Amino acid sequence: MIEGMIGRKVGMTQIFLDDGSVAPVTVIEAGPCVVVQCRTAQKDGYEAVQLGLVDAKTAKRANKAMRGHHEKAGVPPTRLRREFKAVAGDTYKPGDQVLVDIFEGVKKVDVIGTSKGKGFQGVMKRHNFGGGANSHGSMFHRAPGSIGSSAYPSRVFKGMRGTGHMGTDRVTVKNLRVIRVDKERNLLLVRGAVPGAVGATVMLCKSPGSMPAGAK
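Numbering of residues begins from 1 in every chain and follows the order in which that chain's sequence is written. This being a predicted model, a pLDDT of at least 70 is required before a residue's local features are given, and a value of 80 or more before pairs of side-chain atoms are given or counted; all residues contribute to the totals for chains, interfaces and linings. As a rule here, side-chain values come from all non-hydrogen atoms in the structure, and water together with hydrogens is ignored.

### What to know about the overall build of the protein
Inference 1: In this description a helix means any DSSP run of H or I spanning at least four residues, a strand means any run of E spanning at least two, and both kinds are numbered starting from the N terminus. When helices and strands are tallied, the protein shows 2 helices and 12 strands.
Inference 2: Its helices and strands taken in sequence order, the protein reads β-β-β-β-α-β-β-β-β-α-β-β-β-β from the N to the C terminus.
Inference 3: With the radius of gyration taken over C-alpha atoms, the globule rule is written as 2.2 Å times the number of residues to the power 0.38. In terms of overall dimensions, the protein is more spread out than a globule: its C-alpha atoms have a radius of gyration of 23 Å, far above the 17 Å expected for 216 residues.
Inference 4: Referenced to the eigenvectors of the C-alpha coordinate spread, the extents of the protein come out at roughly 70 × 50 × 35 Å.
Inference 5: Categorising residues by exposure relies on relative accessible area from a 1.4 Å probe, with only protein chains included: less than 20% of the type maximum marks a residue as buried, more than 50% marks it as exposed, and the intermediate range marks it as partly exposed. Taken across its 216 residues, the protein has 35% of its residues classed as buried.
Inference 6: Contact criterion: two residues are considered in contact whenever any of their non-hydrogen atoms come within 4.5 Å of each other. The contacts of the protein with a sequence gap of at least 6 include a subset with a gap of at least 24, amounting to 69%.
Inference 7: For the protein, the accessible area works out to roughly 13,300 Å², and carbon and sulfur atoms hold 52% of it.
Inference 8: Here the protein contributes 34 positive and 17 negative side-chain charges, whose respective centroids are spaced 11 Å apart. Per-residue accessibility takes into account occlusion by the displayed protein chains alone, with areas from the Shrake-Rupley method and a 1.4 Å probe. Under this rule, positive means Lys or Arg and negative means Asp or Glu; His and the chain ends count for nothing. Charge positions come from single atoms, namely NZ of Lys, CZ of Arg, CG of Asp or CD of Glu.

This is the structure:
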């Protein structure tokens, strides 16, 4: 069984659970994905499946190398491809579709995405510094303050927290509870927030220990 697939973040909303409580959920359009290549232990040293996210706009943008790579599998070119762990003996082959129903019966998932970019930021926003006094003419409000030592060692230590680029980092959120699987619309609803902006691409993986008893 494939351990995950590629999806896109649709946005956040809230739904009512069976007990009447309200749950904040993130809606993810999971796939559809297509198997582009299969990795085997005999040839590659490990078992995995390369999935491509189906996108109608990608075919005309693909270069010659990507077209040839997909023609081997007999599938149209895909812009985004990721490898996911597979169990030895899986029957998947190039050209097969992978849909959101692989998460049927799965209790929790891990979501990997890229956080929102925030550009160049100061220490208060980037590292949660407290800042200085805001009154009585202190003139020290959001500045980082002194960062170096005196006569010795006369340099700035490595790893000093300061201003700089913030965001666009790879973020993994683990153990998000699966609330609903909508097979008709390829939607997966998970409780909680997911990194990235609306429309961002994310990777969905089954959390270890989240499978029902007896499943692989």
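So much for the structure itself; the text now carries on.
### Describing the sheet that holds strand E3 (residues 33–39)
Inference 1: Reading across from one edge, E5-E4-E3-E6 is the order of the 4 strands in this open sheet, with antiparallel pairing throughout. Both edges of this open sheet fall to strand E5 (81–85) and strand E6 (97–98), since each of them pairs with a single strand only.
Inference 2: Relative to strand E4 (residues 48–53), E3 runs antiparallel, the two sharing 6 bridges. Residue pairing for E4: cysteine 38 is matched across the bridge by valine 49.
Inference 3: Relative to E3, helix H1 (residues 64–73) is tilted by about 85°, and along the sheet it contacts E3, E4 and E5. Any two strands with at least two DSSP-identified bridges between them are counted as paired. Axis definition: a line fitted to C-alpha atoms, over the contacting stretch in the case of helices. Angles run 0 to 180 degrees between N-to-C directions.

### Brief notes about the confidence of the model for the protein
Inference 1: Known as pLDDT, the predictor's confidence for each residue is given on a scale from 0 to 100. Confidence along the protein averages 87 in pLDDT terms, with 93% of residues attaining 70 or more.
Inference 2: Within the protein, no element has a lower average pLDDT than H1, which sits at 84, and none a higher one than strand E8 (residues 119–121), at 96.

### Details of the sheet that holds strand E10 (residues 170–182)
Inference 1: The strand order around the closed barrel formed by 6 strands is E1-E2-E11-E10-E7-E12, and the pairing between neighbours is antiparallel. The average angle at which neighbouring strand axes cross in this sheet is 50°, direction not considered.
Inference 2: Looking at chain direction, E10 and strand E11 (residues 187–191) are connected through 4 bridges and run antiparallel. What sits directly across from aspartate 182, in E11, is leucine 187.

### Some points on the side chain of serine 207
Inference 1: Of note, serine 207 is situated in the segment after strand E12 (201–206).
Inference 2: When sequence neighbours within four positions are dropped, the list of residues in contact with serine 207 reads Lys108, Val109, Asp110 and Asn175.

### What to know about the nonpolar core
Inference 1: Judged by nonpolar contacts, the single largest core of 31 residues is most densely connected at Met5, Leu51, Phe103, Leu188 and Leu204.
Inference 2: Every element with two or more residues in this core is listed here: strand E1 (4–16), strand E2 (22–30), E3, E4, strand E7 (108–114), E10, E11 and E12.
Inference 3: In terms of residue count, E12 provides more of this core than any other element does, 4 residues in total.
Inference 4: Of all hydrophobic cores here, the second largest spans 6 residues; its members include Ile15, Ala23, Val25 and Leu189. Residues grouped as a nonpolar core are buried Ala, Val, Leu, Ile, Met, Phe, Trp, Tyr and Cys residues, joined through side-chain atoms within 4.5 Å.

### Focus on the pairing of E10
Inference 1: Pairing geometry for E7 and E10, over 6 bridges, is antiparallel. Bridging across to E10, threonine 114 finds its partner in arginine 170.
Inference 2: Turn length for the E10-E11 hairpin, with the two strands adjacent in sequence and antiparallel, is 4 residues, and the turn residue asparagine 186 shows positive phi of about 55°.

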